[in-house]
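# Inside the fold
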Amino acid sequence: MGRRAKHKQSAPEPLDNARNMTSKLLGKRKADNDYGGDEAKTEFIRPSKKAKDKKQKAASMNNSKRLSTKKSKSSLIPDPDKDSGDGWEDVDNSVDRGNYDDAEQPVGTLDDYMQEDDDDLLRGTAQKFDFDTEDEEDMSLSKGRKSKQSERPSKIIPTASDASEDSDEDSEDDNGRVTMANMEARSRALDAKAAAEAELDEEEFREAAASDEEDIDGEPDAGEEIDAEPFHLPTASEREAEKQGGGPDVHVIQRRMRECARVLGKFKRLAEQNRSRSEYTDQLVADIASYYGYNEFLAEKLFQLFPVHEAIEFFEANEVPRPVTIRTNTLKTRRRDLAQALINRGVNLEPIGKWTSVGLQVFESTVPIGATPEYLAGHYMLQAASSFLPVIALAPQSNERVLDMASAPGGKTTHIAALLQNTGIVFANDANKARTKSLTANVHRLGCKNVVVCSYDGREFPKVMGGFDRVLLDAPCSGTGVISKDQSVKVNKSERDFTLLSHLQKQLILCAIDSVNPDSKTGGYIVYSTCSVTVDENESVVDYALRKRPNVKLVDTGLEFGREGYTKYRGKTFHPSVNLTRRFYPHVHNMDGFYVAKFKVEKRLKVTPIDEPVPDPVPPFVLGEAEAAEQVQEVGFDSEEDTPYLEEAKRRRMKAKGLRPPPRSKPLISIAA
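Source: prediction; values computed, not measured. (Residues numbered from 1 in each chain as written. Predicted model: local features only at pLDDT ≥ 70, side-chain atom pairs only at ≥ 80, totals over all residues. Heavy atoms only, no water.)

Spatial ordering of the open sheet is given by 2-3-1-4, a layout of 4 strands whose pairing is antiparallel. Two strands close off the open sheet at either side, each with one partner strand: strand 2 (347-351) and strand 4 (380-382). Pairs of neighbouring strands in the sheet enclose a mean axial angle of 35 degrees, with direction left out of account. In the sheet, strand 1 (residues 324-328) pairs with strand 4 via 3 bridges, with the strands oriented antiparallel. Within the sheet, the bridge partner assigned to Ile326 lies in strand 4 and is Leu382. (Pairing = 2+ DSSP bridges. Helix = DSSP H or I, 4+ residues; strand = E, 2+ residues; numbered from the N terminus. Axes fitted to C-alpha atoms, helices over the stretch in contact; angles between N-to-C directions.)

Per the counting criterion, the structure on display carries 16 aromatic pairs. Residues Phe314 and Phe315 carry aromatic rings whose centres are separated by 5.8 Å and whose planes lie at 70 degrees to one another, so their mutual orientation is edge-to-face. A single burial state applies to Phe314 and to Phe315, both of which are buried. With 5.5 Å between their ring centres and 55 degrees between their planes, Tyr375 and Tyr380 make a pair best called tilted. Across this residue pair, the class does not change: Tyr375 and Tyr380 are buried. Site record: aromatic cluster; members linked through ring pairs are Tyr291, Tyr292, Tyr294, Phe306, Phe314, Phe315 and Tyr585. One cation-aromatic arrangement involves Lys301 over Phe498; the distance from NZ or CZ to the ring centre is 5.2 Å. It is Arg445 that lies over the ring of Tyr375; its NZ or CZ is 4.0 Å from the centre. (Phe/Tyr/Trp six-rings, centres within 6.5 Å; stacked < 30°, edge-to-face > 60°. Buried < 20%, exposed > 50% of the residue type's maximum accessible area, 1.4 Å probe, protein only. Lys NZ or Arg CZ within 6 Å of the ring centre and 35° of its normal.)

It is worth spelling out helix 13 (residues 250-265) at this point. For helix 13, which comprises 16 residues, the first-to-last C-alpha distance of 23 Å matches the rise-based estimate of 22 Å (1.5 Å per residue) to within 8%. The complete set of buried residues in helix 13 reads Ile253, Arg256, Met257, Glu259, Cys260, Ala261, Val263 and Leu264. On the buried face of helix 13, the contacting elements are helix 12 (236-244), helix 14 (267-270), helix 15 (277-292) and helix 17 (308-317). (Expected span 1.5 Å × (residues − 1). Contact = heavy atoms within 4.5 Å.)

So, on to unusual backbone geometry. In the segment running from Ala408 into Pro409, the intervening peptide bond is cis, with an omega of 5 degrees. One can find Pro409 in the loop between strand 5 (401-404) and helix 21 (411-420).

This part is about the nonpolar core. With 62 residues, the main nonpolar core has Tyr294, Leu302, Tyr528 and Phe599 as its most contacted residues. The residues contacting Leu302, other than those within four sequence positions of it, are Tyr294, Phe314, Phe315, Thr480, Ile483, Val533 and Thr534. (Core = buried A, V, L, I, M, F, W, Y, C linked by side-chain atoms within 4.5 Å.)

So, about the environment of Asn429. Tracing the chain through its elements places Asn429 in strand 6 (residues 425-429). For the pair Asn429 and Met405, spaced 24 residues apart in the sequence, the C-alpha separation amounts to 5.1 Å. Residues contacting Asn429, with those up to four places away along its chain left out, are Leu403, Asp404, Met405, Ala406, Ser407, Cys454, Ser455, Tyr456, Gly458 and Phe461.

For the rest of this paragraph, the subject is the pattern of salt bridges. Side chains that carry opposite charge are capable of pairing whenever their charged atoms lie near each other. Tallied over the full model, the rule gives 19 salt bridges. A salt bridge links Glu539 to Arg583; the nearest nitrogen and oxygen atoms lie 2.8 Å apart. Here Glu539, found in helix 26 (residues 539-548), pairs with Arg583, found in strand 14 (residues 582-584); they are 44 residues apart in sequence, far enough to count as distant. Exposure remark for Glu539: the relative accessible area of 0% places this residue in the buried category. Judged by its relative accessible area of 1%, Arg583 falls in the buried class. Each of Glu272, Arg275 and Glu279 takes part in a single network of salt bridges with overlapping partners. (Salt bridge = Lys/Arg side-chain N within 4 Å of Asp/Glu carboxyl O.)

Among the structural elements, Pro351 can be located in strand 2. As a C-alpha pair, Pro351 and Thr325 span 26 residues in sequence and 9.2 Å in three-dimensional space.

Orientation of helix 25 (residues 495-514) relative to helix 26, taken along the N-to-C sense of each, is 45 degrees, at an axis distance of 10 Å. By the angle class used here, helix 25 and helix 26 are oblique. Helix 25 and helix 26 meet at a crossing whose hand is right-handed. Side by side, helix 25 and helix 26 meet where Ser502, Gln505, Lys506, Ile509, Leu510 and Ile513 of the first sit next to Ser540, Val541, Tyr544, Ala545 and Lys548 of the second. For the contact of helix 25 with helix 26, the residue count by class is 6 nonpolar, 3 polar and 2 charged. (Parallel < 35°, antiparallel > 145°, perpendicular 65-115°, else oblique. Left-handed = near helix turned anticlockwise from the far one by under 90°. Nonpolar A, V, L, I, M, F, W, Y, C, P; charged D, E, K, R; others polar.)

This is how it looks when you write it as structure tokens:
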């Protein structure tokens, strides 16, 4: 025997020797099998990795790549807890039992061949593998449940949170599908839930009000820090010294505002001795002007409109932007369809409220809301929620002639055209000719076919054209209701501005009243609105119109919310019907400050007929009979002399009604006869 044959390694031991395998040798079974040749392969054949991979790929074709990778790595180690697994079935089937003798065939189960160390090793790793059973369940669950992002929303408006959506889906799964039989019961359950939530909100509101009262009383909470130094109201000299020194710190102003508001709420209890209420008020107004950036005149004017704590809320609300709202153009689409289209583009929105059927409030958007295909197609208009109110109050009817005296940029004009359904005619006027470009663009974009754009001074409109069924006057104003949009109002408004604006508004409202046809069968209404909250531009103007035009009266605006107008304000007393007007505030209604008033124009009182004798200014018994007869003859009516004056007056009346008078060569008196 040669040297190489002498030292040649013998064939591997039979399978009985596998009992002596340790945990270290288990990981090297493949190397041993490769070294041992065909006999080792016949004695113990491991499941083919490629075949196993193919089987796993066929079983988890729709599963994720992470799960398939994890399973392919872990499928080589069996689970000893299971009597039969897919992997070990392959082992049993792959062994050729004919190659073994009766003495060499293994006796017992696989557990008899494993040591305690091996058992611990396999049992520890077996927790990571599930052999396709749980993977298939996960795959079926993933097929059954779709992602909320990929699934198209079934509702028009999404709920407030995903948690609420899950709860709704769970309740729907529990109760079954919605049918005609259980629809009424579900509706009652929803109503009961809404009532419970409303009651809970009301209770929270009462608790908040109670806590505010406690704060006003000056009782600090347990966790609240108590100021070491008591509050001291600065004197006039100290205030001047502060101004010369550059002003106090912001934290000092905040504390002083809070303390002044608390003292004014309980003045008799908390005020310092020998200090008047006006001193606290002046200090609070000065601090508000300094803190929020107003001039002292405007800060005082707005402060006087509200109680102390509400005034601070108003100033604070002007620092927060109002919600973005859009108005659906009903000439081209419906609100339901528009909301669905915008939701599909990634816009989070919901209806503004029950008071409007065309408004949508936008919370967030992944696309620019003013450049979507729907916007460019004229399906909606970017418009503040407060701008809906005047048109809702006007309530135009089909086939009416409507005048919008200050219409740019066209939000209210196009809203009127949509309510008219492109019937009748809308005259959109604006005194600024440059602004009519945007007005015309919006009219074309929204598809309004019954709008006539013109540029006249509103004070000329009774002479230019008249006889309208309804008139909307959104008068130019100081803009104190839209400070959140235009911060320049805080500093550029003075007392002279309010005087000039009030005078202009009084002229415009009289011209609007004269432009209305009192004989209109369906109309005869005027809506006066401003984006201001001051009394000078609102109640004072309305009261002036009621005094100057006795044939005009105030009627209900038809708006379901809003505060009543003032009938008394700082010594001024207005007409009692002024309480029919409506005021809107940013801190109360979460919209721009606005004022809306609606008038009804009636026929004027009948004038004394011309044929009746005019009463004598001097009693006849004072004068003689001849003198009395001569006086009556002097004041008599000469029809021939007054004919041209009558014709000219009739000509003016026809022009005011929008009619074209005949040429002057044809007398109107003869035509009427």
